[in-house]
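Residue-level structure breakdown
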Amino acid sequence: MPPHPDRLLGIDPATRALARELYRAVADAPIISPHGHVSAEMLAGNRPFGDPAELFVTPDHYVTRLLHSSGVQLDQLGLGESGAAPGAGSPPREIWRTLCVNWHLFAGTPVRYWLTDSLARVFDLTLTPSADTADELYDRVSELLAHPDFRPTELLARFGVELLATTDDPADSLEHHRRLASIAGLPTRVIPTLRADAYMDPGAPDWRQRLEVLSNVSGEDCGTYRGLLEAIRVRRRGFAEHGATATDCGVADAWATSLSDPQAQALHRQGLDGSISPEGARAYRRNMLFQFGLMAADDGLVMQLHAGVIRNHHTPTFARFGADTGHDLPAATAYTEPLRELLNHVGTSPTFRIVLFTVDETAFSRDIAPLAGFYPSVYAGAPWWFLDAPAAVRRYREAVTETAGFYKTSGFIDDTRALCSIPSRHDMSRRLDARYLAELVVDHQLSEAEAQTVARALVSSIPRAAFRLPGS
Amino acid sequence: MPPHPDRLLGIDPATRALARELYRAVADAPIISPHGHVSAEMLAGNRPFGDPAELFVTPDHYVTRLLHSSGVQLDQLGLGESGAAPGAGSPPREIWRTLCVNWHLFAGTPVRYWLTDSLARVFDLTLTPSADTADELYDRVSELLAHPDFRPTELLARFGVELLATTDDPADSLEHHRRLASIAGLPTRVIPTLRADAYMDPGAPDWRQRLEVLSNVSGEDCGTYRGLLEAIRVRRRGFAEHGATATDCGVADAWATSLSDPQAQALHRQGLDGSISPEGARAYRRNMLFQFGLMAADDGLVMQLHAGVIRNHHTPTFARFGADTGHDLPAATAYTEPLRELLNHVGTSPTFRIVLFTVDETAFSRDIAPLAGFYPSVYAGAPWWFLDAPAAVRRYREAVTETAGFYKTSGFIDDTRALCSIPSRHDMSRRLDARYLAELVVDHQLSEAEAQTVARALVSSIPRAAFRLPGS
Amino acid sequence: MPPHPDRLLGIDPATRALARELYRAVADAPIISPHGHVSAEMLAGNRPFGDPAELFVTPDHYVTRLLHSSGVQLDQLGLGESGAAPGAGSPPREIWRTLCVNWHLFAGTPVRYWLTDSLARVFDLTLTPSADTADELYDRVSELLAHPDFRPTELLARFGVELLATTDDPADSLEHHRRLASIAGLPTRVIPTLRADAYMDPGAPDWRQRLEVLSNVSGEDCGTYRGLLEAIRVRRRGFAEHGATATDCGVADAWATSLSDPQAQALHRQGLDGSISPEGARAYRRNMLFQFGLMAADDGLVMQLHAGVIRNHHTPTFARFGADTGHDLPAATAYTEPLRELLNHVGTSPTFRIVLFTVDETAFSRDIAPLAGFYPSVYAGAPWWFLDAPAAVRRYREAVTETAGFYKTSGFIDDTRALCSIPSRHDMSRRLDARYLAELVVDHQLSEAEAQTVARALVSSIPRAAFRLPGS
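Residues numbered from 1 in each chain as written. Chains lettered and ligands numbered in written order. Predicted model: local features only at pLDDT ≥ 70, side-chain atom pairs only at ≥ 80, totals over all residues. Heavy atoms only, no water.

What follows concerns the overall build of chain A. The helix and strand inventory of chain A stands at 20 helices and 10 strands. Taking 2.2 N^0.38 as the reference for a compact globule, 472 residues should give roughly 23 Å; the C-alpha atoms of chain A span a radius of gyration of 22 Å, in line with that estimate. For chain A, the spread of C-alpha atoms along the three principal axes comes to 65 × 55 × 45 Å. The 472 residues of chain A split such that 64% are buried. Here chain A has roughly 15,900 Å² of accessible surface; of this, 51% comes from carbon and sulfur atoms. Taken as two groups, the 45 positive and 58 negative side-chain charges of chain A have centres that lie 2 Å from each other. (Helix = DSSP H or I, 4+ residues; strand = E, 2+ residues; numbered from the N terminus. Rg over C-alpha atoms; globule rule 2.2 N^0.38 Å. Buried < 20%, exposed > 50% of the residue type's maximum accessible area, 1.4 Å probe, protein only. Areas by Shrake-Rupley, 256 points an atom, 1.4 Å probe, with all protein chains shown as cover. Lys, Arg positive; Asp, Glu negative; His and termini not counted. Charge placed at Lys NZ, Arg CZ, Asp CG, Glu CD.)

Next comes the structure, spelled out in structure tokens:
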């Protein structure tokens, strides 16, 4: 069954009719994707995708975690021993079949929505996945994937992706970005985003080794705290030269509290010699977040903050299957006190900008909207991860708008590594915003003309301005 | 006025029409009640209920607390000195009148809904309670209660209750369950549930005495920590032999953190000699929760966890009227970090299963749904206590479904000691789920056929599977 | 465009039609305003307002913070160096223009709603603010403000404000209230409210000086802790003699925990000699909150508690522009444990009454409604500050009603210093309650007759009773 043209536009007929109009005006607008996890290497290589399982199942922890939660083993889904190639355990056709057989588990979830939408939109397939249809779907998708039109950059072009930001380690040479920039006629501009999480935690086992790599790439000696800061500054400049307008940062909590140089240097040394305590590592990390804020106020790269995730909750799964395998879980999250010191330093600086994301939705009306409603530097990030789903998105708009309006929000962020879901995700957001705006109009809180203006701004000027993108 | 056939089915006409259909298909399905507080002794005795006050007011803290909050004294409602018989203070007719006179206080509450629905459904009474109608209602209910059709097991049969789980102390001999099991032709299967809360807290004044009783019943010496664990294991086996498929556990917080045997034994001894500190008692309790989890992974009894209640908030009321008198109150509640150690041990064990309940609704989207969306052992429990009401139930479905779907939820739990409210509560849940599903269909997120499948599963296969009930 | 007569009444046609009826029955009911920040001095002086900027922009931190968050400097909005006269920085016409030019920023916010509604209701102006209309609007409002009908007390009379409570320091002589009370034929009764926050914090720089002033006014020596308590008792009596029925209290958290007299006296002395630690100041403040509770149980003044605000988050803005300049921000807030000691002392006293407000909406269903649903003394305060907006108000009713009903809520509180917004704010609340009640009726949870009764009670008997106002 093809996706219904009115999906997500609401249940009240008058609202739906108006939402449909608002949606139509933005349905085909170019896609701006200022934050996501598509790999620059994949785009630069532009090889065809291998098979439906590799495309839709194995690398997508939204998909694998719910199957796992219902008793499917992760190795049945192509996840292997940490470091093993995806798909090592089961043949791709079987992986795909496992998804189809368990299709009912996804009822009411956004994964169901995205997969259905992507199959129809990208592959023109409207069969409902099931044991009966698994093989036919597998064959049809496989056949299309072999066609040159279905290579990564061709797909991005077809999707109307005007700009795509990747997420990259500071030690990344950015060679793939250079290659992409050199391709004439590529309709999608691909820019990097610096994400330096791995350098914030001197308690991590690979910290020392990462510092060495970064020293080499940056030409700064990361053996000292000052050297590490300098190396990151160097790489920020390098990223900006390659088009980056933003950094990203994922931390367990949002505390950004400064240390003196000698304090930080002492902890740095303890990190290098392996003697650092968990408390020391935490203090070091919180100071790094503070320093990143100062750097952002200095160079104007927009700081994205994704705080409040408990990573790798189930140690045995982490040991066997590695990170990003579905057991990163939300923590109760606050921003107002944790960011106080940083915002007292740079919160009203015109150069500084920070976009706040949360997986604890209580923070939307309590922390994020009030901060964005006073500080010129603070923007309310789009609903993230567990909250990037129809009902949660509606709650987000209701929680944020009354305090911060529309113009201090970030615009939609797809945050995905699943390339084929990009248009489906942006389309979902456009539909939900159209519905929200239509409800305000029908309830006589907003004029229809202004709703149209806002709907258009939400997919163009708002994300451009929030992320300081070219053309804003 | 009789309850409207379309009550709770929503305000949008198209949604309501579809919800009506979905509801009708499950309205008369047998009731499965895997968790509640109806007394096995009452069922085994099967004596008629005394009077309307005993049936609807005095033992129901949902009712008494709201009257109390508006200035009615608890002794006016039949609550007596701790240990005194219910109804000691006021004649039942006066108690009933107090409820009727204050009927307006319950506008917009589920108590109003359940009482109205039960009066109509069970007693065919549709008069609105008020000062004017109090006596007529009292007389009519009293008259019916004297009829054999209104004895407890006859009512359960009439309600279509196929299975009913009680909640029982490990020291319970289960004689009433044996007697119930021996009654030929009883259409309701009644099974016990082991709830060992009282043995977890070595700081409680009656702990030592309880251990003695449990030692006698189990044949294990609870004078030691290992002995207590063994006694509980023995009783779990005994309960399972009597049909139990689950345990329950109510704790102030969900922390389940292990102690070494010597640590636990030292605290056990301090509990016995009265020297234990509050911190020690807490550590002991948290280790017991961990141990109960290991036992569950061992014997396969489903572990229900009801965490986050501050018990007996008002000491003077507790001293005079005892526990369960309306001042148990919600605490801010987390599950993700507190259960980490336990889930790292047994979270992916196929034997282990845990159902999480909360009275802090922020935990639904932040903790419970994400845990249930990864761990095969974790289920999202139905809305509980303060949250078992129409708007809260809708929030629950919206908060949980997008992350965990329908098939990792528990199905409805009535959690009640008010026998006559059982069909009304299950009926409310069926109506609300029909409404929620209808909204997904009208918004084109779910097909009508799948909504029908889910609606049926929610009252049959889903609770059966979650609680490992016979026939699942 | 004039505000639509059906605004805020909902999107479903049947619900809206019923909401319209419910609303109409209360639309013109007299306004009871038991809590707000209109100045008694301004009313007693009854001088005309100066200009549109002074009326609508400069003193309203709801307006200035959102403009500031989009890059407008506070001095462009008339805020000056701390202590400087409002409007010092920019000419009022420019300030007004800044608002009009940035009108789009307020789309979807209650500020937009109130301003639009007030311009139409009070000034009969329905032009949409913009760069083009700024001057015309400015001139028209200025012209009207010069007319005697637009002086403060004339406006209150026109708005139908029957009772207005101000908020006042205990050291206030209440001379303005005496003068207002002596004006024959004033249709608005103006009563004071004692707010003693400034005396709770011995760590505040002006504490000692304030004690001296209070000593003079009260005739009690505030140099000792007992003296301060006695001074406050004296002033509570003085306020009550001037018609006060309530006190107010704003604190960082709701902990009310007692100290012994010697402990409190020791901290008092440390406050006077400047040696008190932050922990000591906090313990002193929490004991003061406890003592205020005991006083309330003694004299029957209703205790309003506004807890959970982080004041003056951005120190540089505070230093330059003073308090109440838009960077007071919500903190995560609990009431159940923090108020336990106080409620154990006086929670069931018929004299004691406490109204709980929050800017952390998670507290509504978790803390406030359950407390109000047991303790006769506890009332659920109306949505406050960031939460006084259409969607937040609907969430409030949904979060509170199912546990505490309607009769343990406070009725609407406008909490405003913007006099012209008073009728708009009460009107908004009446519309939203009508909508909420209509939804219950259409969903067959409430009869239409009872919805009408509740709608009327919410604007009359409920606030009268909650605040022990004359005529209740």
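Back to the text.
Residues and elements named next belong to chain A. Taken N-terminus to C-terminus, the directions of helix 16 (residues 362-372) and helix 17 (residues 390-404) make an angle of 35 degrees; their axes are 8 Å apart at the nearest point. By crossing handedness, the relation of helix 16 to helix 17 is classed as right-handed. Every residue of helix 17 that contacts helix 16 at Phe364, Ser365, Ala369, Pro370 and Ala372 is listed here: Tyr396, Ala399, Val400, Thr403 and Ala404. Looking at the contact of helix 16 with helix 17 residue by residue, the classes come out as eight nonpolar, two polar and no charged. (Axes fitted to C-alpha atoms, helices over the stretch in contact; angles between N-to-C directions. Left-handed = near helix turned anticlockwise from the far one by under 90°. Contact = heavy atoms within 4.5 Å. Nonpolar A, V, L, I, M, F, W, Y, C, P; charged D, E, K, R; others polar.)

Residue and element names in this part refer to chain C. What the second largest cavity holds in volume is close to 180 Å³. What lines the second largest cavity is a set of 16 residues, among which Gly411, Phe412, Ser429, Asp433 and Leu458 lie closest to the centre. Elements represented by at least two residues in the lining of the second largest cavity include exactly helix 17 (390-404) and helix 18 (422-442). Here the element with the most residues in the lining of the second largest cavity is helix 18; it accounts for four residues. Class assignment for the residues of the lining of the second largest cavity results in 10 nonpolar, three polar and three charged. (1 Å grid on protein atoms, 1.4 Å probe; cavity = no way out; pocket = protein on both sides within 12 Å on 5 of 7 lines; lining within 4 Å. Points joined across faces, edges and corners; volume = space filled by probe spheres on them.)

Each partner contributes residues to the interface: chain B has 37 residues there, and chain A has 51 residues. Both faces considered, chain B and chain A share a buried interface measuring about 3,500 Å² in area, 56% of it formed by carbon and sulfur atoms. Taken as a group, Arg366, Phe374 and Glu402 of chain B account for 22% of the area that chain B buries against chain A, more than any other trio of residues on that side. Summed over the shared surface of chain B and chain A, the result is four salt bridges. Notably, a salt bridge pairs Arg112 of chain A with Glu450 of chain B, separated by 2.6 Å at the nearest N-O pair. Summed over the shared surface of chain B and chain A, the number is 24 residue pairs in polar contact (both at pLDDT 80 or more). Contributions of two or more residues to the side of chain B that touches chain A are made by helix 15 (340-346), helix 16 (362-372), helix 17 (390-404) and helix 18 (422-442) of chain B. (Buried area = accessible area lost by both parts, 1.4 Å probe. Salt bridge = Lys/Arg side-chain N within 4 Å of Asp/Glu carboxyl O. Polar contact = N/O pair within 3.5 Å; in protein donor to acceptor, adjacent residues only side chain to side chain.)

Further remarks concern the sheet that holds strand 3 (residues 189-191) of chain B. Residue and element names in this part refer to chain B. Read across the sheet, three strands follow the order 1-2-3 without closing on themselves; strand pairing throughout is parallel. Looking at the sheet topology across the chains shown, the edges are occupied by strand 1 (31-33) and strand 3. Averaged over all pairs of adjacent strands, the angle between their axes in this sheet comes to 10 degrees, without regard to strand direction. As paired strands, strand 2 (residues 161-165) and strand 3 are joined by three bridges and run parallel to one another. Bridge assignment links Leu163 to a residue of strand 3, and that residue is Arg189. (Pairing = 2+ DSSP bridges.)

Another point: the sheet that holds strand 2 (residues 161-165) of chain C. Residue and element names in this part refer to chain C. With parallel pairing, three strands are arranged side by side in an open sheet as 1-2-3. At either margin of the open sheet sits one strand with a lone partner, and together these are strand 1 (31-33) and strand 3 (189-191). Strand-to-strand twist across the sheet, computed as the mean angle between neighbouring axes with direction ignored, equals 10 degrees. Two strands pair when backbone bridges link them, and strand 1 and strand 2 are joined in this way by three bridges, in the parallel orientation.

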